[in-house]
Amino acid sequence: MPREVPWVEKYRPRRLDEIVGQTKAIEQVKAWIGAWLEGKPPKKKALILAGPPGTGKTTTVYALAREYGFEVIELNASDERTYEKIERYVQAAYTMDILGKRRKLIFLDEADNIEPTGAREIAKLIDRARNPIIMSANHYWEVPREIRSRAQIVEYKRLTQRDIIKALARILHHEGKRVPKELLYDIAKHAGGDLRAAVNDLQTVVTGGVEDAAQVLAYRDTEKSVFQALAQIFATDNAKKARMATLGVDMFPHELLQWIDENLPYVYYKPEDIARAYEALSRADIYLGRAQRTGNYGLWKYATDMMTAGVAVAGVKKKGFVRIYPPKTIKLLTESKAERGLRDSVVKKIMSEMHMAKLEALETLNYLRAIFENSADVAAHFVVYLELTEKEVEFIAGDRERARTIWAKSLNIHKKLKERGELEGHVEAAVEKEPGETGPKEEAVEAPEEISEEELEKAEEEMESVEEPKESGKVDKPKKKGKQATLFDFLGKK
Ligand SMILES: Nc1ncnc2c1ncn2[C@@H]1O[C@H](COP(=O)(O)OP(=O)(O)OP(=O)(O)O)[C@@H](O)[C@H]1O
């Protein structure tokens, strides 16, 4: 299914007068570009748009270019070849202009990330520039001094709640959607002046259902940067960018791992890419474990590299808007009493059927959630295997429609198994049990007919190695050989 276009792109203002809350900044930018257009380049040939994320800096550059007929050459300050590229465009732009082509406007993002050597070179280029150079930075004082001294600063303010509400209302109007007024206020309040975050939250709660709102917003205050960091990791194929994304995230690596872990299944298409990404995560987990045991916390760096860069390069990502959710194990704290009851009963079943400790079972529940979302067929096998009830299926699926499909498929599997005599009696407890009916039925314990000689021999050998005597007439499921079963064992068996 194609993903939705991110609303931050869909509703990015195209014109300068659509940008809210930055009147003074826009006036300054217009005056500066006006000087270029009159053929009298301003004394400061570069402009630094400085201010918090999501306040309209990039939007200004593109709207400006559209209105004044420039082609934007966007470069990233952390790209090692930025200098070469700027040089090429600064010169090319001049010649091209004579040929009547569109003028170039060089846009340098993240100017607060320029390395000192690069900064000196870029400063020289500013001196020679024949075309406008606009830069953006979140932290003005971290832009190298040589560049600051050659650039005019334009300050972008954090947007007010009022501005944010106005912008969100406009989007809702276009989408033909409504949300409760209090929710709109809540989103605006939690965004902390960042309209990008607010628009993303709005899209999350509108597309995911308004019930999501409490969970998402509850984390916005404290975990704001982790949402941004994950969005960056899941949007890039560049290892360095992914690694940088988590800088400044106020969180221990194992917490971060949990966030990445739970959001991963929604990012990649192909099972092999998901597997590769999980492989990177499990390596990260190994490093974390080792750091914990040995006290060598230098290993955290490797763990973080694996969970950021390792995950980012794992495969082809889905395009478009990715909803980032708080980890469900953390989210469990906000579950209702009824939900907690269901969760506990599912976890107990996982613990007993798969021989797992509670923590592992909780983690497995999260994998199950991803499976229930992505494959109704596989999910249905789990329903039978774990003897889940309809309510439990609904709880894991988190969506009534989806749960119904999975439940219907599981009834089919159940029926087939029953016909083939492969079903143990207790499974029926989860489906429909005849009143008074208890233990397994006679035919349910017979060995399937099509088993080969070879397999029988092997099975006998294995039976001999099991020490515990068995009650007569009772047959264990093959998975219950005392060894812990994993989801992967299960998937392999299917
Ligand atoms: N002042 C604004 N008016 C209208 N929409 C805005 C404004 N600021 C941000 N937005 C919305 O948020 C999105 C992100 O804004 P933009 O890319 O301009 O942020 P930025 O200031 O460049 O952030 P960063 O510093 O993170 O690059 C835009 O696509 C737009 O939807």
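Residues numbered from 1 in each chain as written. Predicted model: local features only at pLDDT ≥ 70, side-chain atom pairs only at ≥ 80, totals over all residues. Heavy atoms only, no water.

For the rest of this paragraph, the subject is the nonpolar core. Here is a general trend for soluble globular proteins: nonpolar side chains tend to be buried in one another's company. Counting 31 residues, the largest nonpolar core has Phe234, Ile260, Leu264, Met307 and Val311 as its most contacted members. Those elements giving two or more residues to this core turn out to be α10 (212-233), α11 (239-245), α12 (253-263), α13 (271-294) and α14 (299-312). Here the element with the most residues in this core is α13; it accounts for seven residues. (Core = buried A, V, L, I, M, F, W, Y, C linked by side-chain atoms within 4.5 Å. Buried < 20%, exposed > 50% of the residue type's maximum accessible area, 1.4 Å probe, protein only. Helix = DSSP H or I, 4+ residues; strand = E, 2+ residues; numbered from the N terminus.)

Residues annotated by UniProt as "binding site: ATP" (unreviewed entry) correspond here to Gly51, Pro52, Pro53, Gly54, Thr55, Gly56, Lys57 and Thr58. Looking at the secondary structure, you find Lys57 in helix α3 (residues 57-68). Filtering out sequence-adjacent residues up to four positions away, Lys57 remains in contact with Leu49, Ala50, Gly51, Pro52, Ser136, Ala137, Asn138 and Tyr156. With respect to the helices and strands, Thr58 occurs in helix α3. Apart from the residues lying within four places of it in its own chain, the contact partners of Thr58 are Arg12 and Phe107. (UniProt positions renumbered as here; feature names shortened; annotations may be inferred. Contact = heavy atoms within 4.5 Å.)

For the structure on display, the rule yields 19 salt bridges. Across the pair Asp305 and Lys301 runs a salt bridge, and its minimum N-O distance is 3.3 Å. With a gap of four residues between them, Asp305 and Lys301 both fall in helix α14, about one helical turn apart. Its salt-bridge partner being Glu394, residue Lys391 comes within 3.9 Å of it at the nearest N-O pair. Pair noted here: Lys391 and Glu394 are both in helix α19 (residues 390-397), with a separation of three residues, about one helical turn. Take Lys391: its relative accessible area is 53%, and that puts it in the exposed class. What you see here is one network of salt bridges that share partners, running through Arg15, Asp17 and Glu18. (Salt bridge = Lys/Arg side-chain N within 4 Å of Asp/Glu carboxyl O.)

Successive residues of a regular strand alternate their side chains across the two faces of the sheet. Counting buried positions along strand β2 (residues 70-76) yields five of seven residues, so the element is predominantly enclosed. In the sheet, β2 pairs with strand β3 (residues 103-109) via seven bridges, with the strands oriented parallel. Each residue of the ladder has a partner; that of Ile73, found in β3, is Ile106. (Pairing = 2+ DSSP bridges.)

Here we come to the side chain of Gln22. In this fold, Gln22 is placed in the loop between α1 (7-10) and α2 (23-37). Its relative accessible area of 2% is what places Gln22 among the buried residues. Discounting residues that sit within four places of it in the chain, Gln22 has contacts with Thr55, Tyr156, Lys157 and Leu159.

Looking now at the site of the ligand. Looking at the ligand, there are 17 residues lining it, with Val8, Val20, Lys57, Thr58 and Thr59 nearest. At 2.5 Å from an oxygen atom of the ligand is found a main-chain nitrogen or oxygen belonging to Val8. At 3.2 Å, a side-chain N or O of Arg12 approaches an oxygen atom of the ligand. In isolation the ligand has 630 Å² of accessible area, and contact with the protein removes 93% of it. Listing elements by their share of the shell around the ligand, those giving two or more residues are α3 and α9 (195-208). Per element, the largest residue contribution to the shell around the ligand is three residues, and it comes from α3. (Near = heavy atom within 4 Å. Polar contact = N/O pair within 3.5 Å; in protein donor to acceptor, adjacent residues only side chain to side chain. Areas by Shrake-Rupley, 256 points an atom, 1.4 Å probe, with all protein chains shown as cover.)

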